[in-house]
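Structure assessment
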Amino acid sequence: MQTSRILTRGLTALALAFVAACASVNPYDTNREELASADKSLSGGDAKAAAKRAENLYAARAAEADEYALQRYFALYLTAQAHVRAAQTQSFLGSDAGASSVGSARCTDVPHLVAALYYSSLARELAPKAAKAKPVVEGARQLPPALEEIGVDVAGQRLGLARLVAYARLGFLASIGTELDAWPELRGPEGADSVLAVAKPERELVPWVYYALFTHARLASDTDAYMFGARARLLAEATKNSIPPERLAEIVAWVQQKKDADRVVFACSKCRKPFLADKLRCLDDGTPITDFFLSSLD
């Protein structure tokens, strides 16, 4: 009996110690570590693991949404980024996962693009609360250093650029216009360059951003459309396989159409010779097509 009482008291003490230990774990610390792990998976090329960790964190704190607004915002940011990465490189959704390319027989990137739009839209709704959140709560930093350095504003810009790319890749051109109505800085080449310089999205995404802006600008401004298209083509050359050749061919065809139908050409700023639609540089002096200007044949 004495042994039984001693054992009971021992087990009770262990249980109390366990409860005390669990109670001492700050949930903000736990969430921060999950965000760090998801970010590490994403940086390491494991988009699937990153999406799973981040999405689970977002869902797990749904009952305390306001309390964990900042951490849930970055969980959405990482989930969206993981799907953008998967759409660009290797799909992990669907039964026929594999190399991604809109226009392929499988279209394995379509579900990832839709998912990226979904999670980035949720993040946009949560952004105002996340921006007001304190970086340190109950003595714990909410974010790992890498995400804290990015901040809510830049993360929001990256998500906005990802939405533009997704809309362009899916052919939702009207939605691009809606995005630009709320982000007028992107309507001109100089403003777009400035936004990209601050947001610093992945290199492989930048040609897609300029392609998206080209698809919208060609309905309004020949000069802007040309410059966006020229940037997309040159940057695509520097980031091989980032954008399918058929999308770049659309830009070349548009330049040729402007010449044939509208008698408008783009000429080299040095030698003044018209731009050959399928080239990236002047054949005479090597001037890149981003340094050409609009000229009339008449």
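Preceding block: the structure.
Now for a description of the structure that goes with this document. Only a predicted model underlies this, so the values are computations on that prediction, with no experimental measurement involved.

Definitions and limits used
- Starting from 1, residues in each chain are numbered consecutively following that chain's sequence as written.
- Per-residue local features are limited, in this predicted model, to residues with pLDDT of at least 70; the limit for side-chain atom pairs, both in listing and counting, is 80 or more; totals at the level of whole chains, interfaces and linings are taken over all residues.
- To get the side-chain values, all heavy atoms of the structure are used, and hydrogens and water are removed first.
- Every case where a carboxyl oxygen of Asp or Glu lies within 4 Å of a side-chain nitrogen of Lys or Arg is listed as a salt bridge.
- Secondary structure is summarised from DSSP: a helix means a run of H or I of at least four residues, a strand means a run of E of at least two, and numbering begins at the N terminus for each.
- Only protein chains enter the accessibility calculation, which uses a 1.4 Å probe; a residue whose area is less than 20% of its type maximum is buried, one above 50% is exposed, and one in between is partly exposed.
- What makes a nonpolar core is a set of buried Ala, Val, Leu, Ile, Met, Phe, Trp, Tyr and Cys residues whose side-chain atoms join them at distances within 4.5 Å.
- Residue contacts are counted whenever heavy atoms from the two residues lie within 4.5 Å of one another.
- Directions pointing from the helix axis toward each C-beta atom define the arc.
- In this analysis, rings of Phe, Tyr and Trp, with Trp reduced to its six-membered ring, are considered paired at centre separations within 6.5 Å, and the interplanar angle assigns stacked below 30 degrees, edge-to-face beyond 60, and tilted for intermediate values.
- Remark: a charge is flagged as sitting over a ring if the NZ atom of Lys or the CZ atom of Arg is within 6 Å of the ring centre and within 35 degrees of the ring normal.
- All axes are obtained by fitting lines to C-alpha atoms, using only the stretch in contact for helices, and the reported angles, taken between N-to-C directions, cover 0 to 180 degrees.
- Crossing handedness: left-handed means the near helix sits turned counterclockwise from the far one by under a right angle, and right-handed means the same turn made clockwise.
- In what follows, roughly perpendicular refers to angles from 65 to 115 degrees, roughly parallel to angles under 35, roughly antiparallel to angles over 145, and oblique to any angle outside these ranges.

Here the structure, examined in full by the defined rule, presents 15 salt bridges. Here R163 makes a salt bridge to E179, at a shortest N to O gap of 3.1 Å. You can see R163 sitting in helix α6 (residues 145-170) and its partner E179 sitting in helix α7 (residues 173-181), a full 16 residues away along the chain. Each of the two residues, R163 as well as E179, counts as buried.

If you look at the biggest cluster of nonpolar residues, it comprises 51 residues, and the most contacted ones within it are L161, L186, L213 and Y226. By residue number, the principal contributor to this core is helix α9 (residues 206-217), which donates nine residues. Setting aside chain neighbours within four positions, we find L186 in contact with L161, L164, L180, A192, V195, L213 and F228.

What follows covers helix α8 (residues 189-199). Buried residues of α8: P189, A192, V195, L196 and A199, and no others. The arc enclosing the buried residues of α8, seen along the axis, measures out at 125°, which places them on a common side. Contacts from the buried residues of α8 go to α6, α9 and α10 (222-238).

Here we come to the environment of A80. For A80, the position within the fold is in helix α4 (residues 69-88). Taking the relative accessible area as the measure of exposure, A80 reaches 1% and is therefore buried. Taking the C-alpha atoms as reference points, A80 and A116, separated by 36 residues in sequence, lie 4.5 Å from one another. Residues contacting A80, with those up to four places away along its chain left out, are A116, Y119, S120 and L159.

A few words now on the packing of aromatic side chains. By the definition in use, this model includes eleven aromatic pairs. Between the aromatic rings of W208 and Y211, the centroid separation amounts to 5.7 Å while the plane-to-plane angle is 90°, which identifies the pairing as edge-to-face. You can see W208 and its partner Y211 sitting in helix α9, three residues apart, about one turn around the helix. Of the two residues, W208 and Y211, both sit in the buried class. One aromatic cluster is present, built from ring pairs that chain together W208, Y211, F214, Y226, W254 and F266. Lying over the aromatic face of W208, R169 brings its terminal NZ or CZ to 4.5 Å of the ring centre.

Our next topic: the packing of α6 against α9. Contact geometry for α6 and α9: axes closest at 9 Å, N-to-C directions at 65°. The handedness of the crossing between α6 and α9 is left-handed. The residues of α9 that touch α6, namely those facing L161, L164, V165, A168 and R169, are W208, V209, Y211, A212 and L213.

The relative placement of two packed helices is expressed as an angle between their axes plus a distance between the axes. Here helix α3 (residues 47-60) crosses α4 at 155°, and the two axes come no closer than 8 Å. Relative to α4, the element α3 lies roughly antiparallel. α3 and α4 meet at a crossing whose hand is left-handed. Residue-level inspection shows A47, A50, A51, A54, E55, L57 and Y58 of α3 in contact with α4, the latter providing Q71, R72, A75, L76, L78, T79, A82, H83, R85 and A86.

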